[in-house]
Protein chains: 2
Amino acid sequence: MYIPTYEDMLAAHVRIAPHIRRTPVRTSEYLNELTGAELFFKCENFQEPGAFKVRGASNAVFGLDEDQAAKGVATHSSGNHASCLSYAAKRRGIPCNVVMPYTAPQAKKDTVRRYGGQITECEPSTSSREETFAKVQAATGGDFIHPYNDHRVIAGQGTCAKEFIEQTDGLDTVIAPIGGGGMISGTCLTLSNLAPETQVIAAEPEQADDAYRSFKAGHIIADDAPKTIADGLLVPLKDLTWHFVSDHVSDILTVSEAEIIESMKLSWKHLRIVMEASSSVSLAAILKNKDRFAGKRVGIIITGGNVDLDTLPWTT
Amino acid sequence: MYIPTYEDMLAAHVRIAPHIRRTPVRTSEYLNELTGAELFFKCENFQEPGAFKVRGASNAVFGLDEDQAAKGVATHSSGNHASCLSYAAKRRGIPCNVVMPYTAPQAKKDTVRRYGGQITECEPSTSSREETFAKVQAATGGDFIHPYNDHRVIAGQGTCAKEFIEQTDGLDTVIAPIGGGGMISGTCLTLSNLAPETQVIAAEPEQADDAYRSFKAGHIIADDAPKTIADGLLVPLKDLTWHFVSDHVSDILTVSEAEIIESMKLSWKHLRIVMEASSSVSLAAILKNKDRFAGKRVGIIITGGNVDLDTLPWTT
């Protein structure tokens with residue numbers, strides 16, 4: 001397996017700069033008082049398709065040679081990766097095929113289609129997904145862009161931490177949620193080179209704590225079907241992300257569902273931004289471990305803001 | 001009555017710069033496609049106390065001489081002006097007295113108190129409010145800072161349009177909601193000098209359209225008790241704001257309650273920011289009058305983001 005390098009991340013940043021936003025950093029005097037830390041929130045929810053995943057997707061799409069680009073890209077995802085890959089492919093004007101269970105929320109399908117993605121539906125099972133995906137790929141020749149276990153994707157996600165360090169005057173710690181580990185891996189890739197003194201901490205729901213248990217055990221543990229409101233964090237680590245997590249992450253902190261919802265509401269109220277439950281895991285971990293972060297300059301990556309406003313966790 | 005000048009606005013900007021945020025400008029490819037215009041959203045909801053009113057309040061508070069500052073400031077308001085004035089007074093370390101009906105939402109009282117404001121409750125009637133306020137002012141000697149009919153406040157609000165023009169490469173139109181007219185007056189003050197070719201348009205709820213009717217009639221019409229979800233826009237124009245509205249506003253556009261809610265939800269979803277119903281009136285007016293804005297560079301002032309997340313209009 002090819003491990004992406006710091007130079008790959010730098011090249012990715014140049015490649016994707018015209019296609020992504022250099023997202024702003026928000027602060028809140030109130031949340032600083034509440035936590036005793038100095039918090040900086042990097043708003044990846046402000047990317048046009050609403051998630052950091054547009055970085056990795058754009059790096060993969062705009063790095064294709066002309067021959068492959070003509071055949072397009074393909075993936076299986078029912079989350080932000082699908083819409084971000086569709087968005088990037090639309091910007092380059094190439095096909096994007098997405099395999100998605102027919103049970104995926106209509107809103108997610110609508111977003112993929114709005115960006116020109118072509119959806120092929122499958123049954124909500126791993127075997128059906130793999131079989132359907134193989135057929136789609138054979139028919140189209142689309143390059144498979146994995147949501148996180150892909151060196152181009154990780155190099156792309158690493159550009160976020162580069163901007164974050166440039167936008168702040170250094171950080172003691174960067175904290176981000178962990179699912180498959182794409183953002184955390186990119187963050188490790190960048191910070192281990194650019195700011196090796198900055199700690200990288202991952203945050204995870206207790207109810208989907210496979211990365212935490214992997215970290216403690218020293219090898220990947222994948223769960224069958226975790227259940228959490230943080231629906232961007234259900235997927236397990238893979239070999240490439242495990243490389244970065246095991247090599248450079250300082251710690252993984254877990255939080256309860258109630259703590260995630262409380263943190264989500266607190267962020268909406270005081271930062272006045274719309275962020276996903278998956279993004280709220282980080283602040284929840286800080287609030288649960290105040291002593292650990294007190295007095296420090298802490299960077300929090302707000303990973304996404306695609307939320308169903310009709311079914312908010314505190315109103316339903 | 002003293003009409004604030006462009007130089008007053010410039011002096012205000014220097015005075016308040018250390019105490020306010022130079023708020024970012026957001027864009028959305030999706031909302032551009034939807035409206036056919038090029039939209040720029042100035043995020044005053046990102047001020048620490050969550051509203052543009054911190055500009056005018058800070059200009060008034062930091063412009064006081066030492067003698068008056070020792071006695072502090074006073075106002076009657078149950079909205080963003082009360083919390084923004086408390087916030088500014090706290091930053092200067094001076095007293096802030098607020099008269100508020102005992103029926104005001106607990107959350108609003110909590111915010112004022114969090115910023116050190118001293119609340120005196122009154123009955124929810126104009127006579128009780130005026131009587132109570134007179135007593136408080138006599139006892140404290142606090143300088144009365146009206147929420148909008150005050151030249152210092154208007155000069156302060158005008159700093160937002162200055163930043164907006166600096167942050168964009170010129171705008172064809174700036175649109176903002178109108179209640180008492182403080183923000184619109186400040187915007188007129190600034191743009192009539194800095195960018196006289198830029199149109200200023202006000203947006204108002206149909207159910208509180210006193211500014212619209214005043215504008216058409218050529219004199220102030222004040223309603224008794226308008227009812228709208230845009231609860232920041234209930235108050236009538238006064239002589240100072242009428243001066244600017246009648247002199248420089250190009251038009252006032254009105255929208256229905258359903259249109260406000262639709263626009264609010266659309267903004268939350270695609271800009272991923274939390275904004276008040278009062279702030280959503282502007283985008284609603286653009287969506288209702290697409291032909292008028294198509295092809296134009298339109299600046300929208302997002303006036304505030306203090307929302308009760310437990311009672312959102314589309315979930316209750």
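Within each chain, residues carry numbers counting from 1 in the order of the written sequence. Starting at A for chains and at 1 for ligands, labels are handed out in the order in which the entities are written. With the structure being a predicted model, the display of local features is reserved for residues of pLDDT at least 70 and the display and counting of side-chain atom pairs for 80 or more, all residues being used for whole-chain, interface and lining totals. Processing note: side-chain calculations cover all non-hydrogen atoms of the structure and skip hydrogens and water entirely.

Per an unreviewed UniProt entry, chain A carries the name Phenylserine dehydratase and comes from Roseovarius albus. What the UniProt record of chain A gives under Sequence similarities (unreviewed entry) is the line "Belongs to the serine/threonine dehydratase family." UniProt positions are given in the numbering used here, feature names are shortened, and annotations may be inferred rather than shown by experiment. Quoted straight from UniProt, the Cofactor (unreviewed entry) entry for chain A says "pyridoxal 5'-phosphate".

A. Summary view of the overall build of chain A. Only DSSP runs of H or I with at least four residues qualify as helices, and only runs of E with at least two residues qualify as strands; both kinds are numbered from the N terminus onward. Counting its regular elements, chain A contains 14 helices and 10 strands. In this description the radius of gyration comes from C-alpha coordinates, and the expected globular size is given by 2.2 Å times residues to the power 0.38. A globule of 316 residues ought to have a C-alpha radius of gyration of about 20 Å, and chain A, at 18 Å, matches this closely. Seen along its three principal axes, the alpha-carbon backbone of chain A occupies a region of about 55 × 45 × 40 Å. In this scheme, a residue with accessible area under 20% of its type's maximum is buried, one over 50% is exposed, and one in between is partly exposed, where area comes from a 1.4 Å probe on protein chains only. Put simply, chain A has 316 residues, and 59% of those count as buried. Whether two residues are in contact is decided by their heavy atoms, any of which lying within 4.5 Å being enough. A fraction of 73% describes how many contacts in chain A between residues 6 or more apart in sequence connect residues 24 or more apart. Per-residue and other accessible areas follow the Shrake-Rupley method at a 1.4 Å probe size, with only the shown protein chains counted as cover for residues. By element, 48% of the accessible surface of chain A is carried by carbon and sulfur atoms, the whole surface being about 11,700 Å². Of the side-chain charges in chain A, 31 are positive and 39 negative, and the distance between the mean point of each set is 4 Å. Residues counted as positive are Lys and Arg, residues counted as negative are Asp and Glu, and His and the chain ends are not counted. Just so you know, the charge point we use is NZ for Lys, CZ for Arg, CG for Asp and CD for Glu.

B. Summary view of the sheet that holds strand S8 (residues 199–205) of chain A. Residues and elements named next belong to chain A. Strand order in this open sheet of 6 strands is S1-S2-S10-S7-S8-S9, and the pairing throughout is mixed. Edge positions in the sheet fall to strand S1 (25–26) and strand S9 (251–255), since each has one partner strand and no second. Bridge count between strand S2 (residues 38–43) and strand S10 (residues 297–302): 6 bridges; the pairing is parallel. Looking at the pairing, Phe-40 lines up with Gly-299 of S10. Between the N-to-C directions of two axes lies an angle of 0 to 180 degrees, each axis being a line fitted to C-alpha atoms and, for a helix, fitted only over the stretch in contact. On top of the sheet, helix H8 (residues 151–167) reaches S1, S2 and S10; it is set at about 135 degrees to S2, its chief contact. Packed on one face of the sheet, helix H13 (residues 277–288) meets S2, strand S7 (173–177), S8, S9 and S10 and runs near 130 degrees to S7. For two strands to count as paired, DSSP must find a minimum of two bridges between them.

C. Structural view of the relation of the copies chain B and chain A. A least-squares superposition brings the copies together, and it is based on the C-alpha atoms of residues with pLDDT no lower than 70 in both. Least-squares fitting of chain B to chain A yields an RMSD of 0.0 Å, with the superposition described by an axial translation of 0.0 Å and a rotation of 180 degrees. Such values leave the two copies arranged in the relation of a two-fold axis. Identified as the residue of chain B closest to the rotation axis by C-alpha distance is Ile-273 of chain B, at 2.1 Å. Both copies contact each other with a shared surface, as 100% of the interface residues of chain B are interface residues in chain A too.

D. Just the packing of aromatic side chains, in detail. Note on ring pairs: Phe, Tyr and Trp rings are taken, using the six-membered ring of Trp, and paired if centres are within 6.5 Å. Classes follow the plane angle, with under 30 degrees stacked, over 60 edge-to-face and the rest tilted. A full pass over the atoms with the stated rule returns 8 aromatic pairs over all chains. Taken together through their ring pairs, the aromatic side chains of Trp-268 and Trp-314 of chain A together with Trp-268 and Trp-314 of chain B make up a single cluster. For a lysine, the NZ atom is tested; for an arginine, the CZ atom; a charge sits over a ring if that atom is within 6 Å of the ring centre and within 35 degrees of the ring normal. The ring of Phe-46 of chain B has Arg-26 of chain A lying over it, and the distance from NZ or CZ to the ring centre is 3.8 Å.

E. Up close: the nonpolar core. Judged by nonpolar contacts, the single largest core of 71 residues is most densely connected at Leu-39, Ile-175 and Trp-268 of chain A together with Leu-39, Ile-175 and Trp-268 of chain B. Excluding residues within four positions of it along the chain, Ile-175 of chain B makes contact with Ile-201, Ala-203, Ser-282, Ala-285, Ile-286, Phe-293, Val-298, Gly-299, Ile-300 and Ile-301 of chain B. Tyr-6, Cys-160, Leu-171 and Cys-188 of chain B belong to the second largest nonpolar core, which has 31 residues in total. Among the buried residues, those of types Ala, Val, Leu, Ile, Met, Phe, Trp, Tyr and Cys that are joined through side-chain atoms within 4.5 Å form a nonpolar core.

F. Local environment of the interface of chain B and chain A. The partner chain A presents 32 residues to the 32 residues of chain B that form the contact. Together chain B and chain A conceal approximately 2,600 Å² of surface at their shared face, both sides included; 47% is due to carbon and sulfur atoms. What gets called buried area is simply the loss in accessible area from a 1.4 Å probe that two parts show on being joined, summed for both. The largest contributions to the chain B side of the interface with chain A come from Glu-29, Arg-272 and Leu-309 of chain B, which together make up 27% of the buried area. Salt bridges are defined by distance alone: a side-chain nitrogen of Lys or Arg within 4 Å of a carboxyl oxygen of Asp or Glu. Linking chain B with chain A are 4 salt bridges. Here Arg-91 of chain B ties to Glu-29 of chain A by a salt bridge, and the two come within 3.5 Å at their closest N and O atoms. We define a polar contact as two N or O atoms separated by no more than 3.5 Å, with the added condition that, inside protein, one atom must be a possible hydrogen donor and the other a possible acceptor, whereas residues neighbouring each other in sequence contribute only through side-chain atom pairs. If you look at where chain B meets chain A, you find 23 residue pairs in polar contact (both at pLDDT 80 or more). Going through the elements one at a time, helix H2 (29–35), helix H5 (80–92) and helix H12 (257–271) of chain B are the ones with two or more residues in the side of chain B that touches chain A.

G. Layout of the pairing of strand S7 (residues 173–177) of chain B. All names here are of chain B. Counting buried positions along S7 yields 5 of 5 residues, so the element is predominantly enclosed. On S7, burial covers both faces: Thr-173, Ile-175 and Pro-177 on one face and Val-174 and Ala-176 on the other are all buried. Pairing of S7 with strand S8 (residues 199–205) involves 5 bridges; the strand directions are parallel. Paired with Ile-175 across the bridge in S8 is Ile-201. Handedness is read with the strands pointing away from the viewer; a crossover is right-handed when the path from the first strand over the helix to the second is clockwise. Following the chain from S7 across helix H9 (residues 182–194) to the adjacent parallel S8, one finds a crossover that is right-handed. Pairing of S7 with strand S10 (residues 297–302), which is carried by 3 bridges, proceeds in the parallel orientation. Of the residues in S10, the one forming a bridge with Thr-173 is Val-298.

H. Structural detail: the domain arrangement of chain A. Residues and elements named next belong to chain A. What the domain assignment reports for chain A is domain 1 (6–51 + 150–311) and domain 2 (54–144). Residue ranges assigned to the domains are those given by an automatic or database domain assignment. Inter-centroid distance (C-alpha atoms) of domain 1 to domain 2 is 24 Å. Facing 26 residues of domain 1, the contacting portion of domain 2 comprises 16 residues. Interface area, domain 1 with domain 2, both sides summed: about 1,700 Å², of which 51% is carbon and sulfur. Run the count over domain 1 and domain 2 and you get 3 salt bridges.

I. Seen up close, the packing of helix H5 (residues 80–92) of chain A against helix H6 (residues 106–114) of chain A. Residues and elements named next belong to chain A. In contact at an axis separation of 8 Å, H5 and H6 are set at 10 degrees when each is read in the N-to-C sense. Classified by the angle their axes make, H5 and H6 are roughly parallel. When the axes of H5 and H6 are compared, the crossing they make is left-handed. Counted together, Ala-82, Ser-83, Ser-86 and Lys-90 of H5 and Thr-111, Val-112 and Arg-114 of H6 form the full contact between these two elements. Among the residues making up the contact of H5 with H6, the classes are represented as 2 nonpolar, 3 polar and 2 charged. Throughout this description, any angle smaller than 35 degrees is read as roughly parallel, any larger than 145 degrees as roughly antiparallel, any in the 65 to 115 degree range as roughly perpendicular, and the remainder as oblique. It is the rotation of the near helix from the far one that decides the hand of a crossing: anticlockwise by less than a right angle makes it left-handed, clockwise makes it right-handed. Under the convention adopted here, Pro, Cys and the residues Ala, Val, Leu, Ile, Met, Phe, Trp and Tyr are nonpolar, Asp, Glu, Lys and Arg are charged, and Gly plus all remaining residues are polar.

J. Spotlight on the pattern of salt bridges. Residue and element names in this part refer to chain A. According to the stated counting rule, one finds 39 salt bridges over all chains in the structure shown. One salt bridge connects Lys-216 with Asp-251, and the closest N-O pair in it is separated by 3.9 Å. Here Lys-216 is found in helix H10 (residues 210–217), whereas its partner Asp-251 is found in strand S9, with 35 residues between them in sequence. By relative accessible area, which is 52% here, Lys-216 ends up exposed. Between Asp-251 and Arg-292 there is a salt bridge, and its shortest N-O distance comes to 2.9 Å. Placement of the pair is Asp-251 in strand S9 and Arg-292 in helix H14 (residues 290–293), with a sequence separation of 41 residues. Residue classification places Asp-251 among the buried residues on the basis of a relative accessible area of 12%. Each of the salt bridges in this network shares a partner with another, and the network as a whole consists of Lys-42, Glu-44, Arg-55 and Glu-163.

K. Main features of the side chain of His-81 of chain B. Relative to the helices and strands, His-81 of chain B is located in helix H5. Take His-81 of chain B: its relative accessible area is 2%, and that puts it in the buried class.

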